[in-house]
Amino acid sequence: MRRDRIRWLLVWLAFALLGCVSPLTSAQAIAKEVAFLDLSDFTGPVAGLTVPASSGLEDYIKSVNEKGGVEGVKIKYIGVDTRYDVARTISAFKRYARDPQVVAMGICSTPAGKMLQRLTREQPIVCTVPGDGEFQAHLGNFFTWGPTYQDAFAATIDWVLKDWKEKGKEGDPSIAVLSWDNAYGREMLRGGKEYAEKKGVKVLKSELFPTGTLKYDIYLSRLAEAGANYVYVGGVDPTQTNIMRDATRLGLTKDIKFISDYWGPTALGTSLHPEALEGMVVVSFFLRGEDAQNNEMMKKFWTTYRKRPMKEMNGGYAIGLGLGMSLEAAIKDAIKRVGPDKLTRDEIYKSYQNITGLDRQGVVGPVAYAPKVRRASDVVKFYVVKSGKIIPITDWVEAPNAVALHKWE
Amino acid sequence: MRQYNWMLVGIVLAVALMIVGHSGVKSVAGDAALTVVPDKTALSPELIKQPVQFKGTGFEPGETAVVEMVLPKGVTVKTVAEGENVGLAFGDVDDKGAFVAKMAPTATLNWFFQTEWTKDMKPNLKEAKPLPPGTYEIVATGMPSGKTAKATLEILKPAPKTEK
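On a predicted model such as this, the values are computed, not experimentally measured, just so you know. (Residues numbered from 1 in each chain as written. Chains lettered and ligands numbered in written order. Predicted model: local features only at pLDDT ≥ 70, side-chain atom pairs only at ≥ 80, totals over all residues. Heavy atoms only, no water.)

### What to know about the overall build of chain B
From N to C terminus, chain B includes 3 helices and 10 strands. Within chain B, the proportion of its 164 residues that are buried is 40%. Looking at chain B as shown, the accessible area adds up to about 9500 Å², and 58% of this sits on carbon and sulfur atoms. (Helix = DSSP H or I, 4+ residues; strand = E, 2+ residues; numbered from the N terminus. Buried < 20%, exposed > 50% of the residue type's maximum accessible area, 1.4 Å probe, protein only. Areas by Shrake-Rupley, 256 points an atom, 1.4 Å probe, with all protein chains shown as cover.)

### Let's talk about the sheet that holds strand S4 (residues 64-70) of chain B
If you walk across this open sheet you meet the 5 strands as S2-S10-S9-S4-S5 (chain B), and the pairing is mixed. Whereas interior strands pair on both sides, the edge strands pair on one side only; in this sheet they are strand S2 (40-42) and strand S5 (86-92) of chain B. For this sheet, the mean angle separating the axes of adjacent strands, direction not counted, is 30°. Both S4 of chain B and strand S9 (residues 134-143) of chain B contribute to a ladder of 7 bridges, which runs antiparallel. Among the inter-strand pairings, Thr 64 of chain B is bridged to a residue of S9 of chain B, identified as Met 143 of chain B. Lying on the sheet, helix H3 (residues 86-96) of chain A is in contact with S4, S5 and S9 of chain B; it crosses S5 of chain B at an angle near 100°. (Pairing = 2+ DSSP bridges. Axes fitted to C-alpha atoms, helices over the stretch in contact; angles between N-to-C directions. Contact = heavy atoms within 4.5 Å.)

### Quick notes on the pattern of salt bridges
A side chain with one charge can pair with a side chain of the opposite charge if their charged atoms come near. The tally for this structure, following the rule as stated, stands at 27 salt bridges over all chains. We note a salt bridge from Arg 118 of chain A to Asp 92 of chain B, for which the minimum N-O separation is 2.8 Å. Taken as a pair, Arg 118 of chain A in helix H4 (residues 110-119) and Asp 92 of chain B in strand S5 lie in two separate chains rather than in one. For Arg 118 of chain A, a relative accessible area of 32% puts it in the partly exposed group. Put simply, Asp 246 of chain A and Arg 249 of chain A hold a salt bridge, and the shortest N to O gap is 3.1 Å. Residue Asp 246 of chain A and its partner Arg 249 of chain A are both found in helix H10 (residues 239-249); the two are separated by 3 residues, about one turn of the helix. Under the relative-accessibility criterion, Arg 249 of chain A is labelled partly exposed at 47%. (Salt bridge = Lys/Arg side-chain N within 4 Å of Asp/Glu carboxyl O.)

### Remarks on the environment of Pro 274 of chain A
Relative to the helices and strands, Pro 274 of chain A is located in helix H12 (residues 274-277). Note: C-alpha distance between Pro 274 of chain A and Lys 198 of chain A (76 residues apart in sequence) is 36 Å.

### A word on the nonpolar core
Soluble globular proteins tend to bury their nonpolar side chains together. Of all hydrophobic cores here, the largest spans 108 residues; its most connected members are Phe 258 and Trp 263 of chain A. Broken down by element, the residue count for this core peaks at 12 residues, all from helix H15 (residues 317-338) of chain A. Leave out the neighbours within four places in its chain, and Trp 263 of chain A touches Leu 49, Pro 130, Trp 145, Tyr 149, Tyr 184, Gly 235, Val 236, Asp 237, Gln 240, Phe 285, Phe 286 and Ile 319 of chain A. Formed by 37 residues, the second largest nonpolar core is a distinct cluster that contains Val 77, Val 80, Ala 140 and Ala 149 of chain B. (Core = buried A, V, L, I, M, F, W, Y, C linked by side-chain atoms within 4.5 Å.)

### A look at the domain arrangement of chain A
All names here are of chain A. Taken as a whole, chain A is organised into domain 1 (30-146 + 298-352) and domain 2 (149-284 + 379-405). A straight line from the C-alpha centre of domain 1 to that of domain 2 covers 29 Å. Every contact between the two is made by 17 residues of domain 1 and, on the other side, 14 residues of domain 2. Interface area for domain 1 against domain 2, summed over the two sides, is near 1100 Å², with a carbon-plus-sulfur share of 65%. Contact with domain 2 buries surface across domain 1, with Leu 49, Gly 131 and Asn 314 losing the most and accounting together for 30% of the total. On the surface where domain 1 and domain 2 come into contact, there are 1 salt bridge. The partner of Glu 134 in a salt bridge is Arg 190, with the nearest N and O atoms 3.1 Å apart. Linking domain 1 with domain 2 are 6 residue pairs in polar contact (both at pLDDT 80 or more), by the criterion used here. For the side of domain 1 that touches domain 2, the elements supplying multiple residues, two or more each, are H4 and helix H5 (134-137). In terms of residues, the side of domain 1 that touches domain 2 owes the most to one element, H5, which gives 3 residues. (Domains from an automatic or database assignment. Buried area = accessible area lost by both parts, 1.4 Å probe. Polar contact = N/O pair within 3.5 Å; in protein donor to acceptor, adjacent residues only side chain to side chain.)

### What to know about the packing of helix H2 (residues 47-66) of chain A against helix H14 (residues 296-306) of chain A
Residue and element names in this part refer to chain A. Look at H2 against H14: their axes get within 10 Å of each other, and the N-to-C directions meet at 85°. By the angle between their axes, H2 is roughly perpendicular relative to H14. Along the contact surface, H2 presents Ser 55, Glu 58, Asp 59, Tyr 60, Lys 62, Ser 63 and Glu 66, while H14 presents Met 297, Phe 301, Tyr 305 and Arg 306. Partitioned by chemical class, the residues of the contact of H2 with H14 number 4 nonpolar, 2 polar and 5 charged. (Parallel < 35°, antiparallel > 145°, perpendicular 65-115°, else oblique. Nonpolar A, V, L, I, M, F, W, Y, C, P; charged D, E, K, R; others polar.)

### Notes on empty space enclosed by the protein
All names here are of chain A. All told, the structure shown has 3 cavities of 30 Å³ or more when counted by the stated rule. Computed from the structure, the largest cavity encloses a volume of approximately 190 Å³. Around the largest cavity, the lining comprises 16 residues; the ones closest to its centre are Cys 108, Ser 109, Thr 110, Trp 180 and Tyr 184. When residues of the lining of the largest cavity are traced back to their parent elements, those giving at least two are H2 and H4. Taken together, the residues of the lining of the largest cavity break down into 12 nonpolar, 4 polar and no charged. Domain assignment of the residues forming the lining of the largest cavity places at least three in each of domain 1 (30-146 + 298-352) and domain 2 (149-284 + 379-405). Lining of the second largest cavity is provided by 13 residues; of these, Asp 38, Ala 53, Ser 54, Trp 145 and Leu 323 occupy positions nearest its centre. Those elements that place two or more of their residues in the lining of the second largest cavity are strand S1 (33-40), H2 and strand S3 (102-107). (1 Å grid on protein atoms, 1.4 Å probe; cavity = no way out; pocket = protein on both sides within 12 Å on 5 of 7 lines; lining within 4 Å. Points joined across faces, edges and corners; volume = space filled by probe spheres on them.)

### Considerations on the sheet that holds S3 of chain A
All names here are of chain A. Strand order across the open sheet formed by 5 strands is S2-S1-S3-S4-S5, with parallel pairing between neighbours. With one partner strand each, in any of the chains shown, strand S2 (74-81) and strand S5 (142-144) form the two edges of the open sheet. Here the strands of the sheet are splayed against their neighbours by 20° on average, with no regard to which way each runs. Note: S1 against S2, 8 bridges, orientation parallel.

This is the structure in structure tokens:
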């Protein structure tokens with residue numbers, strides 16, 4: 001009798017131990033589906049920028065799954081609408097923090113990125129973020145969507161010098177930043193300023209304003225008085241559209257060249273306010289305007305999955321396709337290294353650093369991620385708004401590494 | 001008969017251990033506490049200037065506390081799936097294990113007022129669908145410790161408009 005009792009107890013304890021061990025096993029060996037958590041703004045103030053990018057990523061994942069997945073491993077797309085709210089982003093992250101199926105994630109906000117960087121320090125998970133140079137300066141699990149903001153600013157300095165020379169101007173040009181008054185609005189000068197000064201371009205005092213500002217006369221007037229030859233405009237469109245409207249009304253566009261950072265006018269913005277944006281230059285790490293409309297890959301994906309006319313496609317769709325190609329390549333690399341049953345966060349993190357040079361069909365530049373590189377690519381293109389269209393004025397050009405010039409804490 | 005009793009004990013023990021082993025979120029019995037300031041409020045634009053605050057104690061020094069609202073059955077919030085909590089605020093836990101977290105204007109507008117947004121990035125209060133009056137459970141969770149503390153927030157009926 002006693003022996004029976006002990007036998008039963010041992011049997012059930014064995015089951016219990018299996019139960020305890022299984023979470024570890026499931027965290028290390030995942031079934032043949034992995035997930036990407038997209039903490040994006042599907043509604044809210046910057047949805048106009050983030051929805052196209054998230055749509056591109058979701059569609060690319062659909063296409064991978066329709067082909068049977070990556071070597072048989074399907075990808076689940078989990079989209080959460082964070083509505084431009086950091087608390088919501090952290091809360092949503094918490095919900096999935098211990099889900100081993102989620103092997104990578106993406107966010108669209110610089111402040112949320114800074115918080116999540118701390119929260120994921122001990123258990124790194126690949127997190128894609130817009131363009132904060134800090135993630136390149138302090139290497140970790142955060143990977144930018146394109147060249148960092150300061151790299152784009154440095155590329156703009158090179159373009160400014162070329163433009164200045166072509167116009168036959170003498171002396172050194174000056175440039176000023178006009179952008180949102182937050183971490184994002186200051187980021188481009190952390191290394192970008194050093195690059196400009198190294199190249200002999202004078203950087204004037206920035207004019208920073210609260211998001212949601214509708215009238216820019218005061219900031220523009222101050223920049224004109226300071227003698228700016230070029231103004232680098234940050235913010236998410238329609239910020240750029242409203243700034244150009246006021247600059248045109250004040251007669252400033254004749255003497256000052258306005259250049260937008262990544263989040264400026266897209267095909268949608270120019271179709272709504274073509275006259276206001278006329279002449280604005282845009283630096284971009286993804287195809288936009290005419291380039292995007294004519295790109296075969298973008299046409300194929302947009303018409304297949306969104307089933308909408310091409311004229312409704314926002315260039316930001318290219319960002320998502322680029323992110324999707326990187327994700328697919330990283331999963332493929334991880335499968336090659338450890339097999340399809342061991343796709344952990346750690347392995348995907350290692351693989352993101354292994355896909356250097358991946359060609360992304362020209363919708364964005366080739367992948368630059370590497371063990372010591374967190375910027376997605378090294379190239380940008382310049383565009384100009386002309387008669388309501390966004391026309392390329394350069395081919396892909398190098399975005400210099402400005403992050404390295406800044407003294408980071 | 002006794003053999004079956006032992007079998008039952010074994011099953012219960014196994015199930016209990018499996019539940020503990022599989023639990024995704026750490027369940028930490030501790031002395032964490034949460035206070036909501038104010039714990040009763042009507043929804044008014046004043047909450048943008050003077051937002052609801054959450055004060056917590058008993059968390060792990062150096063961690064981040066995220067404060068969430070548990071949605072009662074029948075109450076929906078735009079973009080929040082059923083069964084999901086709504087993130088309201090977050091704060092850094094100090095070396096004494098305490099934190100203070102204020103709701104950001106975007107959080108107050110998104111979750112209390114459920115506002116829409118214009119293309120110029122302005123809240124469109126005309127399209128707002130404020131949370132219904134009632135008592136809402138608030139939970140603060142330390143990350144990564146998993147320590148939790150609970151409190152309530154009562155959303156009051158709006159004051160009747162006075163005729164001028």
